[in-house]
Amino acid sequence: MIRWSRSGDMILGKFPKAMMWAIEMRDFMNKNYNAKMNVYYSFFEKYGTIYWTADFEDLGALEKMNDQIIMDKEYSKKLSAGAEFFVQGSMCDKVMKAV
């Protein structure tokens, strides 16, 4: 089992719009790619960080979805629209393997 995670720090004052956009992206991925993605936000450790997570059977399944979304113009457009809600350079992707 592989877990993919992306996190980003919201810009102060943009929390409601950032959360709405994060949910829209989750719903887009779940509808169009059956990603079974979840959205979380931190409020104790580092307030204002949004996390997206999705589980994959193996790295091949993650790579297959990634190959599809990088060619998806609608995905690219939606992704670009969210840039205004996050601190530049704060996005971080991680891939973890279950033990």
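Look up a bit, the structure's there.
Residues numbered from 1 in each chain as written. Predicted model: local features only at pLDDT ≥ 70, side-chain atom pairs only at ≥ 80, totals over all residues. Heavy atoms only, no water.

Some details on the pattern of salt bridges
Consideration 1: Throughout the structure, instances matching the rule amount to 3 salt bridges.
Consideration 2: Asp-27 is paired through a salt bridge with Arg-26; the nearest N and O atoms lie 2.9 Å apart.
Consideration 3: When its relative accessible area of 38% is taken as the criterion, Asp-27 is described as partly exposed. (Salt bridge = Lys/Arg side-chain N within 4 Å of Asp/Glu carboxyl O. Buried < 20%, exposed > 50% of the residue type's maximum accessible area, 1.4 Å probe, protein only.)

Quick word on the nonpolar core
Consideration 1: Among the nonpolar cores identified, the biggest contains 24 residues, and Met-29, Ile-50, Trp-52 and Phe-86 are the most heavily contacted of them.
Consideration 2: Looking at this core, the element that brings in the most residues is helix H1 (residues 15-33), giving 8 residues.
Consideration 3: If sequence neighbours within four positions are ignored, Met-29 has contacts with Asn-34, Ala-35, Met-37, Met-65, Ile-69 and Tyr-75. (Core = buried A, V, L, I, M, F, W, Y, C linked by side-chain atoms within 4.5 Å. Helix = DSSP H or I, 4+ residues; strand = E, 2+ residues; numbered from the N terminus. Contact = heavy atoms within 4.5 Å.)

Description of the sheet that holds strand E2 (residues 38-41)
Consideration 1: Spatially, 4 strands are ordered E2-E3-E1-E4 in an open sheet, and the strand pairing comes out antiparallel. If you trace the sheet from one side to the other, it starts and ends with E2 and strand E4 (92-97), each paired once. Sheet twist, expressed as the average angle between the axes of neighbouring strands with direction ignored, equals 20°.
Consideration 2: Alignment of strand E1 (residues 2-9) against E4, held across 6 bridges, turns out to be antiparallel. Counted as the bridge partner of Arg-6 is Asp-93 from E4.
Consideration 3: Here H1 sits on the sheet in contact with E2 and strand E3 (49-56), set at roughly 10° to E3. (Pairing = 2+ DSSP bridges. Axes fitted to C-alpha atoms, helices over the stretch in contact; angles between N-to-C directions.)

A word on the side chain of Ser-5
Consideration 1: If you trace the backbone, Ser-5 turns up in strand E1.
Consideration 2: If we skip the residues at most four places from it in the chain, Ser-5 touches Tyr-51, Trp-52, Thr-53, Cys-92, Asp-93, Lys-94 and Met-96.

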